[in-house]
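Here's the letter readout for the chains.
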Amino acid sequence: MRCPFCAHDDSQVKDSRPTEDNTAIRRRRQCEGCGARFTTFERVQLREITVVKSDEAREPFDRAKIEQSVALACRKRGIAQERLDQLVSGVQRQIETLGETEVASRAIGEMVMEGLHRLDAVAYIRFASVYRDFTEAKDFEEFASSVRDAVKH
Ligand SMILES: [Zn+2]
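Residues numbered from 1 in each chain as written. Predicted model: local features only at pLDDT ≥ 70, side-chain atom pairs only at ≥ 80, totals over all residues. Heavy atoms only, no water.

**Brief notes about the coordination of the zinc ion**
Then comes step 1: Taken together, the protein donors to the zinc ion comprise Cys3 (SG), Cys6 (SG), Cys31 (SG) and Cys34 (SG), at separations of 2.2 to 2.4 Å.
Then comes step 2: Geometry at the zinc ion is tetrahedral, judged from the 4 donor atoms that bind it and their angles of 103 to 112° at the metal.
Then comes step 3: Every donor residue of the zinc ion comes from the same chain, spaced as C-x2-C-x24-C-x2-C.
Then comes step 4: Judged by relative accessible area, Cys34 falls into the partly exposed class, the value being 43%. (Donors = N, O, S within 2.8 Å, 3.2 Å for Na, K, Ca; no water. Tetrahedral: all angles 85-135°; square planar, octahedral: opposite > 155°, others 65-115°. Buried < 20%, exposed > 50% of the residue type's maximum accessible area, 1.4 Å probe, protein only.)

**Topic: helix α1 (residues 63-73)**
Then comes step 1: Along α1, the residues classified as buried are Arg63, Ile66, Val70 and Ala73. Buried positions in α1, seen along its axis, are confined to an arc of 90° and lie on one side of it. Along α1, exposed side chains directed more than 90 degrees from the buried face belong to Gln68 and Leu72.
Then comes step 2: In this structure, the buried side of α1 is in contact with β3 (37-43), α2 (81-98), α3 (105-119) and α4 (121-131).
Then comes step 3: Sitting at the amino-terminal end of α1 is Asp62, which places a side-chain oxygen 3.0 Å from the backbone nitrogen of Ala64. (Helix = DSSP H or I, 4+ residues; strand = E, 2+ residues; numbered from the N terminus. Arc of directions from axis to C-beta. Contact = heavy atoms within 4.5 Å. Polar contact = N/O pair within 3.5 Å; in protein donor to acceptor, adjacent residues only side chain to side chain.)

**Let's talk about the confidence of the model for the chain**
Then comes step 1: Per-residue confidence for the chain gives a mean pLDDT of 86, with 90% of residues at or over 70.
Then comes step 2: Strand β1 (residues 11-18) holds the highest mean pLDDT among the elements of the chain, 94, whereas helix α5 (residues 137-152) holds the lowest, 66. (pLDDT = per-residue confidence, 0-100.)

Here's what the structure looks like:
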């Protein structure tokens with residue numbers, strides 16, 4: 001596996017174990033060139049799924065993109081990595097269960113929002129503000145206060 005830091009072609013597997021929900025194998029690797037450590041996941045790929053974006057552009061489904069946006073939304077919220085992995089696995093299972101070869105990016109965004117809503121109010125608001133692309137500050141204010149109300153009750 002190529003090192004993402006220095007592009008050296010070989011890395012050594014230091015540790016290999018199943019994730020908590022047993023849907024993947026997590027391998028901790030170390031670059032033989034620069035010594036950097038990184039993690040790879042091995043997963044079952046049931047079928048090729050294409051994501052249709054709002055401008056009709058199509059791209060292959062990429063779990064890493066969901067992981068990145070969830071990680072960004074949950075930054076410094078002190079949520080265990082395991083729970084983020086579970087959220088992303090849950091979204092991926094939902095997508096696979098649809099049985100469609102094409103899925104709208106909008107539908108995926110809604111699934112992620114649903115998962116974040118249960119996990120952390122701040123992360124949910126962060127994700128929604130990017131995903132729903134609020135154009136005016138007052139849109140965001142209204143949304144944020146509706147979430148606060150929902151959390152209070
Ligand atoms: Zn390296």
